[in-house]
Amino acid sequence: MIELWGRSNAYNVQKPLWLLAELGLDFKHYDIGRNSGDLESADFLALNPRARVPVLRLGDAVVWESNSILRYLANQFEATQFYPTDPLLRSQVERWMDWELASLQPAFIDLFWGYYRTPAATRQQSLIDAAQQQCRVQFDLLDAHLATQPYLAGDAFSLADIACGVCLFRYFNMGLEVEQPAQVMRWYRQLSQRDSFRLTITQPFDELEGRSNF
Ligand SMILES: N[C@@H](CCC(=O)N[C@@H](CS)C(=O)NCC(=O)O)C(=O)O
């Protein structure tokens, strides 16, 4: 049985939730992370000493780091349609997954936390402006790339679209005026048509507004 730990409204948890929905896999979900101590219990730390979600377990295998979980699930369930075996094609998927962790996510998280998760009275406009500028740089890069092909790694949807697409609903719906690059919006509309996206990503996240304690 697959088990997954992590709040369903946590950005990185939504990545495996999305893939599990794509693959139609059953799993047991422990929707934890809201209450102090949730991730510091001895039981949870034995799974992930970094005290972060998501964590996935299948039999004796325990996997943490959201993009590693995506790769593990794709390998385990032979989802080669999302994670090709050809070395070059695979590297093109992984390139965008690495870029998401190194570039897109830090910019997006700074903006999401600086603006949405910080109570209005304590927001620092200079931090928000700097994060928004960083997001603009990353979204412009995405836009230029998506002008050349329908999905991030080519003609077909892949793990790269999950890793990078997970932020789109929040980015465009957190109440900040952000630019809407044409190709990114086209890609966002395509992803939004997937049942898996509607089920896992297009979900209310107002529980997080002004909340910086988890
Ligand atoms: N690089 C890690 C980041 C994990 C992470 O920071 N997870 C956040 C949720 S997005 C977390 O555990 N926050 C504490 C909480 O939700 O209580 C990954 O991709 O899995």
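Right above here is the structure, for reference.
None of these values were measured; they are calculated from a predicted model.

### Considering the nonpolar core
Thought 1: Phe139, Leu159, Tyr171, Phe172, Met174 and Trp187 are the most contacted members of the largest nonpolar core, which has 71 residues in total.
Thought 2: Of the residues that make up this core, three or more belong to each of domain 1 (2-76) and domain 2 (87-200).
Thought 3: For Leu159, the contacting residues outside a window of four places in its chain are Leu19, Leu70, Arg71, Ala74, Phe82, Tyr83, Val93 and Met97.

### Thoughts on the site of the ligand
Thought 1: The ligand sits among Arg7, Ala10, Tyr11, Asn12, Gly33, Leu39, Arg50, Arg52, Val53, Pro54, Glu65 and Ser66.
Thought 2: Here an oxygen atom of the ligand and a side-chain polar atom of Arg7 are 2.7 Å apart.
Thought 3: Glu65 is positioned such that a nitrogen or oxygen atom in its side chain is 2.8 Å from a nitrogen atom of the ligand.
Thought 4: Protein coverage of the free-state accessible area of the ligand, which is 510 Å², stands at 83%.
Thought 5: Of the residues in the shell around the ligand, the class split is 5 nonpolar, 3 polar and 4 charged.

### A look at the side chain of Arg7
Thought 1: Topologically, Arg7 is positioned in the loop between strand E1 (2-5) and helix H1 (11-23).
Thought 2: Filtering out sequence-adjacent residues up to four positions away, Arg7 remains in contact with Val13, Asp31, Ile32, Gly33, Arg34, Val53, Arg117, Leu208 and Phe214.

Criteria and thresholds
- Residues numbered from 1 in each chain as written.
- Predicted model: local features only at pLDDT ≥ 70, side-chain atom pairs only at ≥ 80, totals over all residues.
- Heavy atoms only, no water.
- Core = buried A, V, L, I, M, F, W, Y, C linked by side-chain atoms within 4.5 Å.
- Buried < 20%, exposed > 50% of the residue type's maximum accessible area, 1.4 Å probe, protein only.
- Domains from an automatic or database assignment.
- Contact = heavy atoms within 4.5 Å.
- Near = heavy atom within 4 Å.
- Polar contact = N/O pair within 3.5 Å; in protein donor to acceptor, adjacent residues only side chain to side chain.
- Areas by Shrake-Rupley, 256 points an atom, 1.4 Å probe, with all protein chains shown as cover.
- Nonpolar A, V, L, I, M, F, W, Y, C, P; charged D, E, K, R; others polar.
- Helix = DSSP H or I, 4+ residues; strand = E, 2+ residues; numbered from the N terminus.

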